[in-house]
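Here is what each chain is made of, one letter per residue.
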Amino acid sequence: MYNISVLAFLKDVNTERALRLFCERFDSAEHALWEKGMRLLHQYHAARHTGVTLAVSSALQHMDDRHDIYVVDLREYGEEELDRLYIAKTCELILLTDGATETAAKFAALQRRTPRLLCARLPLVSYELECLMQAILSRLEQNGGDREA
């Protein structure tokens with residue numbers, strides 16, 4: 001079981017609201033009931049977690065494994081800002097992109113720096129975030145119990 005800490009670098013209020021709603025739903029009794037039903041009916045085994053804590057910052061900070069997951073809205077930050085950041089090799093990073101050419105270049109640059117990079121399109125879609133979170137939680141489970149509660 002994991003307590004998941006998420007730090008999001010966002011300036012857009014609507015994106016922040018959508019991410020907060022997703023984290024609240026992901027951490028709810030309703031979601032736990034859904035996971036139980038999926039296990040019983042479809043043998044779907046979601047990675048287990050105990051809570052999701054979301055912090056939002058408009059200023060970029062180093063991604064040094066103090067949080068389990070980092071979320072960056074690529075529309076909001078320039079390449080120079082992203083280049084100055086330290087990104088740990090083991091950090092889980094979700095990039096939010098709208099598919100524009102300049103965000104594709106930023107994604108390619110970050111892809112060379114960290115192997116644990118996932119991407120979600122904007123506007124945020126709950127199902128897509130669910131899949132990304134399950135992929136990350138599965139990786140955390142496979143990497144051992146150093147983050148166990």
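What comes next concerns the included structure.

Calculation criteria
- Residue positions are given per chain, counted from 1 along the sequence in the order it is written.
- Under the rules for a predicted model, residues below a pLDDT of 70 receive no local features and side-chain atom pairs below 80 are neither given nor counted, while totals for whole chains, interfaces and linings still include all residues.
- The side-chain quantities take in all heavy atoms of the structure and omit both hydrogens and water.
- For the purposes of this entry, the term helix denotes a DSSP run of H or I that reaches at least four residues, the term strand denotes a run of E that reaches at least two, and both are numbered from the N terminus.
- Exposure categories follow from relative accessible area, calculated using a 1.4 Å probe and restricted to protein chains: below 20% of the type maximum is buried, above 50% is exposed, and the middle band is partly exposed.
- Interaxial angles span 0 to 180 degrees and are taken between N-to-C directions of axes, which are lines fitted to C-alpha atoms, for helices over the stretch in contact.
- Throughout, the term roughly parallel applies to angles under 35 degrees, roughly antiparallel to angles over 145, roughly perpendicular to angles from 65 to 115, and oblique to all others.
- Here a crossing is called left-handed whenever its near helix is offset anticlockwise from the far helix by less than a right angle, and right-handed whenever the offset is clockwise.
- The contact criterion used is simple: two residues touch if any of their non-hydrogen atoms lie within 4.5 Å.
- Think of it as three bins: nonpolar holds Ala, Val, Leu, Ile, Met, Phe, Trp, Tyr, Cys and Pro, charged holds Asp, Glu, Lys and Arg, and polar takes everything else, Gly as well.
- The pairing test for Phe, Tyr and Trp rings, Trp by its six-membered ring, is centres within 6.5 Å, and the orientation test on the planes gives stacked under 30 degrees, edge-to-face over 60, and tilted for anything in between.
- Here the nonpolar core consists of buried residues drawn from Ala, Val, Leu, Ile, Met, Phe, Trp, Tyr and Cys, with membership extended through side-chain atoms lying within 4.5 Å.

### Topic: unusual backbone geometry
Phase 1 of the analysis: Following leucine 122, the chain continues into proline 123 via a peptide bond in cis, with omega recorded as 0°.
Phase 2 of the analysis: Tracing the backbone shows proline 123 in the loop between strand 5 (117-121) and helix 5 (126-142).
Phase 3 of the analysis: Positive phi values are uncommon outside glycine, yet aspartate 65 reaches one of about 70°.
Phase 4 of the analysis: Note on placement: aspartate 65 falls in the loop between strand 2 (51-57) and strand 3 (69-73).
Phase 5 of the analysis: Exposure remark for aspartate 65: the relative accessible area of 26% places this residue in the partly exposed category.

### Remarks on the packing of helix 1 (residues 13-26) against helix 5
Phase 1 of the analysis: Interaxial distance between helix 1 and helix 5 falls to 11 Å at its minimum, and their mutual angle equals 60°. By the angle class used here, helix 1 and helix 5 are oblique. Remark: the crossing between helix 1 and helix 5 carries right-handed chirality. Two secondary-structure elements touch here, helix 1 through Leu19, Phe22, Arg25 and Phe26 and helix 5 through Ser126, Leu129, Glu130, Met133, Gln134 and Leu137.
Phase 2 of the analysis: Partitioning the contact of helix 1 with helix 5 into residue classes produces six nonpolar, two polar and two charged.

### A short note on the packing of aromatic side chains
Phase 1 of the analysis: The full count for this structure, using the stated rule, is one aromatic pair.
Phase 2 of the analysis: Look at phenylalanine 9 and tyrosine 70: their rings are 6.3 Å apart centre to centre, the planes differ by 10°, and that puts the pair in the stacked class. You can see phenylalanine 9 sitting in strand 1 (residues 3-9) and its partner tyrosine 70 sitting in strand 3, a full 61 residues away along the chain.
Phase 3 of the analysis: Residue tyrosine 70 is classed as buried on the basis of its relative accessible area of 0%.

### Topic: the nonpolar core
Phase 1 of the analysis: In terms of nonpolar packing, the biggest core is built from 24 residues, with Ile4, Leu19, Ile69, Val71, Ile94 and Leu96 touching the most fellow members.
Phase 2 of the analysis: Mapped by element, the contributors of at least two residues to this core are strand 1, helix 1, strand 2, strand 3, strand 4 (92-97), strand 5 and helix 5.
Phase 3 of the analysis: No other element matches the six residues that helix 5 contributes to this core.
Phase 4 of the analysis: If you look at the next biggest cluster of nonpolar residues, it comprises 17 residues, including Leu7, Met63, Tyr70 and Leu95.

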